[in-house]
Amino acid sequence: MEDLTTQTASDAGLSQAQVEEARARHGWNALPSARQAGPLRVFLRQFASVLIAILIIAAGLALVLGEVVDAVTIGVVVLLNALLGFVQEWRAETALAALKKVLSPKAMVIRDGQEQVIAARELVPGDLIVLGPGAKVPADGALGRAVDLRIDESVLTGESVPVSKARGDSVLTGTAVVAGRAEARVTAIGGQTEFGKIAQLTGSFGTKQTDLQVKLGGLARQLGAAALLVAAAVVGLGIFMGQDPLDMVMTGLSLSVAIVPEGLPAVVTITLALGAAAMVRQRALARRLQAVETLGAASVICTDKTGTLTENKMTATRIWTVPGSYAVTGTGYDPAGHIEQDGRRLRAVDDRLLSALLEVAIYCSHARIHQNADGWTMVGEPTEGALITLAYKGWCPLPGARDVLAEIPFSSERKRMSVLRQHGDHAVILCKGAPEQVLEICSDVMEQDAVRALTPEDRAAIETAYRAMAADGQRVIALARRVAPDHQLAEEQLTFLGLVGLIDPPRQEVRGAIAAARSAGIRIVMITGDSPITAAAIAGQLGLTIAHSLTGPELDDLDDSALSDLLSHDVLFARTRPEQKMRIVAALQAQGQIVAMTGDGVNDAPALKQADIGVSMGIRGTDVARDASDLVLLDDNFATIVRAIGEGRRQFANVQKFVRYLLSSNAGEVIALVVNIAIGGPLVFLATQILWMNLVTDGVTAVALGLEKAEPDHMEYPPRDKHTRILGLGGVVTIACLGLYTGMASLWIFYHLLDQGVDLARTAAFSAMVVFEKLSVFAFRSLRLPGWRIGWFSNPLLLLALTLTLGAQAAAIYWPPMQALLHTVPMGLAEWQIVGWFALPIVVVPELLKSLGRANHRPAPVAD
Ligand code: ATP
């Protein structure tokens, strides 16, 4: 508890004119932003790979040996590839930079006498800022009034124990408020702050690669090493079989290019980055790309209730007291309603008990309501906002700035709050909170005209009333008071006044989202600080089945194995303390679940970090919770988590699709090349042709595949196992079968046409391979569903990519300059016909298999 008697009244803060004047002098409260890599840098980065180095050496070698055309072709292909890589990476960079901008920090400030929330960058020196638990200090400041303020300064000092601060102390940018409340006068902003000075010294930190990127990078490296070995063996074999050594060196080089899926890392990055941008459109911001990936495997969502499942727009609708009840009309924070008893409208002056209740409602609070052009708005906690609105409805006199002498703040652990108020020549303690917590410290009860001892019958009556209100889904707050002749704020021997029932309607979209999550095999565990009865009522309204409900104290009595058993059922945790969330997450993780956990308070940070996906709230969440989270819900809405999981599933599925697609294309080329060299015939594809296939045509198609929409039934399956490989046995078999077919088919075409000249045969084999690769993409658009289920035209970008690449292939064989580069000759209808016949099964067989496969083993519906 902090004594507030020596404080001066909080002043009105700066005026708009003073703010503008200070802004002109000091600028904005922002650090010079870390430089985003410029376009030239991103372009040059494309050349920083071993593969490109090999190709450039190859081009040089060709030039020295007088093979000018080959050298130019390799140069053009390298350039085209770099250009493609640049476009992709640039899009990814700008998409990510845009994401970073979405979450700009906010600050609570008092200006012109009004508390308001503004963007932190608008702060100026001299501003009066308000700090509460979980807030990050937005600028350096000197403390004015401060109640129980404790600050975590570890970002600056490394010291993890929070430091207590009082009036006159300074608070530093970037540090976090762990507990208490305070007002501070801004002394420095932006680069002038301590944090700014350090940040400028250390620079910015880079983005971490996701597991997927790391794994695929590893796969690409392994394939690279294999490529070098195979290429060396093939070159040796070819020279041994009497092929031209120069041709063989070039073939060896192109073979390495054929094996390595160069496009892979870039395609993954762009898919994840564009996916993250798509998620923002769905109101979910992934703070790390990793989150998107993990989201797709989420099997349990632990969610709080207030604000996530409900609107967090509270309205007091009932007041219950021992002598009688009152009804309250009106909705939201507009005080245009009335307090009524037996059809009579009452005001504070008409009723002593009501007057005492409303005094607590208005004094024991930090919320403010005010009217502006859009109607009534509220700044502060919705629970308190609703009580203030109630006090306005009862015409309760408004408090003066110096009336509150001391405060014991609300916290989710204590679940109540008390203040000491100077009232005329005496002081009173006013307390509000969860009924259990308030009743615990009450010894008396107030009736209309008298205060008397609280009897067991009174307690039973209060309990019954509390249960009845909670069973309607209302949040129930108990109010109490006591005269304090000694001016000490001691939470004991209070007089119980009454209960206020607040409604907080469930969010509309949540019912559907809960049903969707259940059909996707995702369990939902509600963990709330509210009462078990209220929580169960809200769960019922939302269609969330609950087999057991458990309170925080009951959870403390449970050992780990009993908790684990309980967690196998539909369970609800109520009256929990934030630190208990951590234990619940750990217990679920021990069962092998992938847990998404929501949290908004400062004490939720450890649980958010422990969870596989920590989910914080963009509107109501604290900065500390946001910093600890992987995903931020921009609308605080539960339904958004379910949508984000859908998006995560889509992205993982798409990565699986294009990895298989790219590798099967490579496999076809490698099989054709190796078999042909073993036979000892003339080269089936030239080095430049392989480069063309892999670097130019495949990359574009794979990116388009990464943008494939979600499959219609993708939320009707249980979540994937966390160990699911991108490329399981099924994937390897598919790649091998398709590669064998396309490789052998193009080889057959080559030998079939060889009599008509090697150039024509090679052009036909080359074109056949390109056509095969392009058409095989349809097999990978879904790994389970046939084309008619996902819609042939549902990915227009893919169709565009196919048109462009097939057009480019036509140019490659009919346009003389490209003919020269790629050593092609025009093909006639007869050759195209052969290509067509071989291409047909590539489209038809997978469709047939998928249609039959679906009929045979339709996945079991997820148990309800
Ligand atoms: P959730 O955990 O789902 O967000 P919650 O908002 O009810 O639920 P807490 O904020 O921990 O969780 O609040 C716990 C209880 O404390 C509430 O049910 C209410 O009875 C009481 N309470 C909430 N806000 C205040 C407040 N500002 N002052 C006094 N008591 C409060």
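Rules behind the numbers
- Residues numbered from 1 in each chain as written.
- Predicted model: local features only at pLDDT ≥ 70, side-chain atom pairs only at ≥ 80, totals over all residues.
- Heavy atoms only, no water.
- UniProt positions renumbered as here; feature names shortened; annotations may be inferred.
- Helix = DSSP H or I, 4+ residues; strand = E, 2+ residues; numbered from the N terminus.
- Buried < 20%, exposed > 50% of the residue type's maximum accessible area, 1.4 Å probe, protein only.
- Contact = heavy atoms within 4.5 Å.
- Domains from an automatic or database assignment.
- Buried area = accessible area lost by both parts, 1.4 Å probe.
- Salt bridge = Lys/Arg side-chain N within 4 Å of Asp/Glu carboxyl O.
- Near = heavy atom within 4 Å.
- Polar contact = N/O pair within 3.5 Å; in protein donor to acceptor, adjacent residues only side chain to side chain.
- Areas by Shrake-Rupley, 256 points an atom, 1.4 Å probe, with all protein chains shown as cover.
- Core = buried A, V, L, I, M, F, W, Y, C linked by side-chain atoms within 4.5 Å.
- Expected span 1.5 Å × (residues − 1).
- Patch = residues over 30% accessible without salt bridge, like charges linked within 9 Å, V, L, I, M, F, W, Y side chains within 5 Å.
- pLDDT = per-residue confidence, 0-100.
- Arc of directions from axis to C-beta.
- Axes fitted to C-alpha atoms, helices over the stretch in contact; angles between N-to-C directions.
- Left-handed = near helix turned anticlockwise from the far one by under 90°.
- Nonpolar A, V, L, I, M, F, W, Y, C, P; charged D, E, K, R; others polar.

As named in an unreviewed UniProt entry, the chain is HAD-IC family P-type ATPase, taken from Tropicibacter oceani. The record in UniProt for the chain states the following under Subcellular location (unreviewed entry): "Membrane".

Student: For this particular structure, what's the right way to read the overall build of the chain?
Tutor: Along the backbone of the chain there are 29 helices and 29 strands. Structurally, the chain occupies a C-alpha span of about 115 × 65 × 50 Å along its principal axes. Here the chain, with 864 residues, has 54% of them falling under the buried criterion. When contacts within the chain are restricted to residue pairs at least 6 apart in sequence, those whose partners lie at least 24 apart make up 72%.

Student: Before we go on, may I ask you to explain the domain arrangement of the chain in this structure?
Tutor: Frequently, the measure chosen for interface size is the accessible area removed from exposure when the parts meet. Annotation of the chain at the domain level lists domain 1 (212–274 + 649–854), domain 2 (300–310 + 507–641) and domain 3 (315–503). Put simply, the middle of domain 2 and the middle of domain 3, counted by C-alpha atoms, are 29 Å apart. Between domain 2 and domain 3, the contact holds 16 residues from the first and 14 residues from the second. If you sort the residues of domain 2 by the area they bury against domain 3, Ile533, Thr534 and Arg575 come out on top, with a joint share of 46%. Counting across the domain 2 and domain 3 interface gives two salt bridges.

Student: Help me out: how do you make sense of the site of the ligand in this one?
Tutor: Surrounding the ligand, one finds 18 residues, the nearest of these being Lys305, Glu384, Arg475, Thr528 and Gly529. Between Glu384 and the ligand, the recorded distance is 3.0 Å, taken from a side-chain N or O atom to a nitrogen atom. A distance of 3.1 Å separates an oxygen atom of the ligand from a polar side-chain atom of Arg575. Against a free-state accessible area of 610 Å², the protein chains account for coverage of 92% of the ligand.

Student: How do you make sense of the nonpolar core when you look at a structure like this?
Tutor: Across soluble globular proteins, you tend to see nonpolar side chains buried next to one another. Counting residues in hydrophobic clusters, the biggest one holds 83 residues, and the most contacted among them are Ile74, Phe658, Val659, Phe685, Ile749 and Phe772. Looking at which element gives the most residues to this core, the answer is helix α25 (residues 758–780), with 14 residues.

Student: Explain unusual backbone geometry to me, please; I cannot follow it from the model alone.
Tutor: Among all residues except glycine, the phi angle is most often negative; among peptide bonds, the trans geometry is most common. Positive phi, close to 60 degrees, is recorded for Asn312, a residue that is not glycine. For Asn312, the position within the fold is in the loop between β10 (300–303) and β11 (315–320).

Student: Before we go on, may I ask you to explain helix α12 (residues 382–393) in this structure?
Tutor: In an α-helix there are 3.6 residues to a turn, and that puts residues three or four apart on one side. Over its twelve residues, α12 extends 16 Å from the first C-alpha to the last, a length consistent with the 16 Å expected when each residue adds 1.5 Å. Across the twelve residues of α12, eleven count as buried, placing the element largely inside the fold. For α12, every residue scored as buried is listed here: Pro382, Thr383, Glu384, Gly385, Ala386, Leu387, Ile388, Thr389, Leu390, Ala391 and Lys393. Just downstream of α12 lies Trp395, where phi reads positive at about 55 degrees.

Student: Sorry, what's going on with a nonpolar patch on the surface here?
Tutor: A contiguous nonpolar surface patch, about 470 Å² in accessible area, is contributed by Leu63, Val68, Val72, Val76, Leu80 and Leu83. Of all the elements, helix α4 (residues 68–102) adds the most residues to the nonpolar patch, at five residues. Looking at where Leu80 falls in the secondary structure, it is placed in helix α4. Judged by relative accessible area, which is 32%, Leu80 ranks as partly exposed.

Student: Sorry, what's going on with the confidence of the model for the chain here?
Tutor: Parts of the prediction with low pLDDT should not have their coordinates interpreted in detail. Across the chain, the average pLDDT comes to 85, with 92% of residues at or above 70. Across residues 1–10, confidence stays below pLDDT 50; counting only partners more than four residues off in sequence or on other chains, it has 30 contacts. In the model, residues 201–207 has pLDDT below 50 throughout and makes one contact with residues more than four positions away in sequence or in other chains.

Student: What should I look at first to understand helix α1 (residues 16–26) in this one?
Tutor: Every buried residue of α1 is accounted for by Val19, Ala22 and Arg23. Buried residues of α1, viewed axially, fall in a sector of 105 degrees; they line one side. For α1, exposure combined with an orientation more than 90 degrees from the buried face picks out Ala17, Ala24 and Arg25. Residues of α1 that are buried in the fold lie against β2 (106–111).

Student: Sorry, what's going on with the pattern of salt bridges here?
Tutor: Side-chain pairs of opposite charge can arise whenever the charged atoms involved come near each other. Overall, the coordinates contain 28 salt bridges when judged by the stated rule. A salt bridge links Arg481 to Glu359; the shortest N-O distance between them is 3.3 Å. Here Arg481, found in strand β22 (residues 475–483), pairs with Glu359, found in helix α11 (residues 352–363); they are 122 residues apart in sequence, far enough to count as distant. With respect to burial, Arg481 and Glu359 carry one shared label: buried. Three or more residues are tied together by salt bridges with common partners; here these are Lys305, Glu436, Arg475, Asp530 and Arg575.

Student: Looking at this structure, how should I read the packing of helix α15 (residues 510–519) against helix α22 (residues 638–679)?
Tutor: Packed helices, taken two at a time, are described by the angle their axes make and the gap between the axes. Viewed as axis vectors pointing N to C, α15 and α22 meet at an angle of 35 degrees, and their least axial separation amounts to 8 Å. Where α15 crosses over α22, the two elements pack in a sense that is left-handed. Of the residues in α22, those touching α15 at Val510, Ala513, Ile514, Ala516 and Ala517 are Phe638, Ala639 and Val642. Taken together, the residues of the contact of α15 with α22 break down into eight nonpolar, no polar and no charged.

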